[in-house]
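A closer look at the structure
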Amino acid sequence: MQEIGFIGAGNIAEAIIYGLRQAGGKYNLRVVNRSNGARLADLADRYQIIPASLAELVQSSEVILIAVKPKDVPGVLETLAGPELSSGLNDQLIISVAAGIQIATLEKSLPGMAVVRAMPNTSSAVLHSVTGLVRGHEADEDHVRMAEKIFSSVGQILWLPESRMNALMALSGSGPAYFYLFTECLVQAGVELGLREEDAEMLSRETLIGVGKMMAESGKSPGRLRQEVTSPNGTTIEALQVFWAANLKGIVREAAEACARKGQEMEGEYSG
C-alpha cells in the first residue's frame, strides 16, 4: 500500500485522486487543505481519502504532492523546511504540480530532497491526462519509478528537459480549455442555426469524443484525417475556408505562445 500525501485539495488534486481510485491501485491518500474542512469531508466521502494535518501527512507519506496554487507554493515550501516539519523529511519524494515552479526553486527550499516537477491536466479524472515530468538532481531511479507509477495511472507521461515544460503546458497542460472553448462556440453556433441547446451540446460533445478516438486509434495524422472528410466543393471545405481566412493557424500559435510566455513569467516571479 503506497502512502501518498496531497498538500492542497483543488481541482487538479481531485482529478489525480479520482484517477488513482479509478485505476484501481492500492494507495492510502492523505490530504491536507488549509481552510476548507467541508472540502476534505466531501473528498473523504467520495474517494476514501484520509483528512490529515500537515505534520501527519509528512510523517506518513512516501510521496508528498504539492497541489496548491503557484502563489501559495513558496509558503508551503517554507513551512516544510521549518523546524517543526523538516525533521520528518528524509527520503520522501516531493512532487510539485504547480505551474511556474522550477526544480531549482524546489531544491533551494528543500536541500537534499528528491523532487520532481509535474504538469498533468484535469483529464487525469478520466485516465487520459498527459503529464510532463522533470527530474530533480537528487531523484534516483526509485523516485522516478514512483512518479511514473502515479502519473501513468492517470494517463500518459513524458519526461523532458525543464526548458520544454512551458511548451508542454501550452499544449497539454492548458490544452483542455482550448477544446472546451471551441466546443462551447460550436454549441452556440448550433443553437443559432436552430438546434435545441441540449441537442447541440450532445452533437458537439460526441463529435469531439469521436475525433479523439479516431486520432488515437486510426494511426493517421490529424492532417490526413481532415483531408479524408473534406470533399472538394463540399460543405466541409466551405467551413474550413472560413477558419483559414480568419488565420486560425496564427491564432492558435499566438495563444500557445501567450501561454508559454506566461509560464516563463511565473518561473521568474517564483524563482526567488
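Residues numbered from 1 in each chain as written. Predicted model: local features only at pLDDT ≥ 70, side-chain atom pairs only at ≥ 80, totals over all residues. Heavy atoms only, no water.

**Concerning the overall build of the protein chain**
- Across its full length, the protein chain holds 12 helices and eight strands.
- If you line up the protein chain on its principal axes, its C-alpha atoms span 70 × 40 × 35 Å.
- Of the contacts made within the protein chain by residues no fewer than 6 positions apart, 64% connect residues no fewer than 24 positions apart.
- Taken as a whole, the protein chain presents about 15,100 Å² of accessible surface, with 55% of it coming from carbon and sulfur. (Helix = DSSP H or I, 4+ residues; strand = E, 2+ residues; numbered from the N terminus. Contact = heavy atoms within 4.5 Å. Areas by Shrake-Rupley, 256 points an atom, 1.4 Å probe, with all protein chains shown as cover.)

**Focus on the packing of aromatic side chains**
- Under the defined criterion, the tally for this structure stands at two aromatic pairs.
- Seen from their ring centres, tyrosine 18 and tyrosine 47 are 5.8 Å apart, and the 70° between their planes marks the pair as edge-to-face. Taken as a pair, tyrosine 18 in helix H1 (residues 11-23) and tyrosine 47 in helix H2 (residues 37-47) lie far apart in primary sequence, 29 residues in all.
- Tyrosine 47 gets classed as buried once you look at its relative accessible area, which sits at 9%.
- With a centroid separation of 6.1 Å and an interplanar angle of 45°, the aromatic rings of phenylalanine 182 and phenylalanine 243 are classed as tilted. Linking phenylalanine 182 in helix H8 (residues 175-192) with phenylalanine 243 in helix H11 (residues 235-245), this pair joins segments that are 61 residues apart in sequence.
- Look at phenylalanine 182 and you get partly exposed, because its relative accessible area is 44%.
- A relative accessible area of 33% places phenylalanine 243 in the partly exposed class. (Phe/Tyr/Trp six-rings, centres within 6.5 Å; stacked < 30°, edge-to-face > 60°. Buried < 20%, exposed > 50% of the residue type's maximum accessible area, 1.4 Å probe, protein only.)

**A few points about the sheet that holds strand S2 (residues 27-32)**
- Strands sit in the order S3-S2-S1-S4-S5-S6-S7-S8 across an open sheet of eight strands; the sheet is mixed. Looking at the sheet topology across the chains shown, the edges are occupied by strand S3 (50-51) and strand S8 (155-159).
- Two elements, strand S4 (residues 63-66) and strand S5 (residues 93-96), share four bridges in a ladder whose sense is parallel. Bridge pairing in S5 links valine 63 to leucine 93. (Pairing = 2+ DSSP bridges.)

**Overview of helix H12 (residues 248-270)**
- Over its 23 residues, H12 extends 33 Å from the first C-alpha to the last, a length consistent with the 33 Å expected when each residue adds 1.5 Å.
- Close packing links the buried residues of H12 with helix H4 (73-81), helix H5 (103-109), strand S6 (114-119), helix H7 (165-173) and H8. (Expected span 1.5 Å × (residues − 1).)

**Topic: the state of the cysteines**
- This structure, assessed with the given rule, holds zero disulfides.
- Among the cysteines around cysteine 185, which has no disulfide bond, cysteine 259 carries the closest sulfur, lying 18 Å off. (Disulfide = S-S within 2.5 Å.)

**Overview of the packing of H1 against H2**
- H2 packs onto H1 with a crossing angle of 15° between their chain directions and a minimal axis gap of 11 Å. One finds that H1 runs roughly parallel with respect to H2. The handedness of the crossing between H1 and H2 comes out as right-handed. Each of Asn11, Glu14, Ile17, Tyr18 and Arg21 in H1 lies in contact with H2, whose residues at this interface are Arg39, Leu43, Arg46 and Tyr47.
- The residue inventory of the contact of H1 with H2, partitioned by class, reads four nonpolar, one polar and four charged. (Axes fitted to C-alpha atoms, helices over the stretch in contact; angles between N-to-C directions. Parallel < 35°, antiparallel > 145°, perpendicular 65-115°, else oblique. Left-handed = near helix turned anticlockwise from the far one by under 90°. Nonpolar A, V, L, I, M, F, W, Y, C, P; charged D, E, K, R; others polar.)

**A closer look at the environment of arginine 30**
- Mapped onto the elements, arginine 30 comes out in strand S2.
- For arginine 30, a relative accessible area of 16% corresponds to the buried category.
- As a C-alpha pair, arginine 30 and arginine 135 span 105 residues in sequence and 24 Å in three-dimensional space.
- In this view, arginine 30 contacts Glu3, Ile4, Gly5, Phe6, Ile50, Ala52, Leu57 and Ser60; residues no more than four positions away in its chain are not counted.

**Some words on the side chain of arginine 117**
- By secondary structure assignment, the location of arginine 117 is in strand S6.
- A distance of 3.2 Å separates a polar atom in the side chain of arginine 117 from the backbone oxygen of isoleucine 101.
- At a separation of 2.9 Å, a polar atom in the side chain of arginine 117 contacts the side chain of glutamate 162. (Polar contact = N/O pair within 3.5 Å; in protein donor to acceptor, adjacent residues only side chain to side chain.)

**Quick look at unusual backbone geometry**
- One non-glycine residue, glutamine 48, adopts positive backbone phi at about 60°.
- Relative to the assigned elements, glutamine 48 resides in the loop between H2 and S3.
- You will see that asparagine 247, though not glycine, has its phi angle at about 60°, which is positive.
- Mapped onto the elements of the fold, asparagine 247 is located in the loop between H11 and H12.

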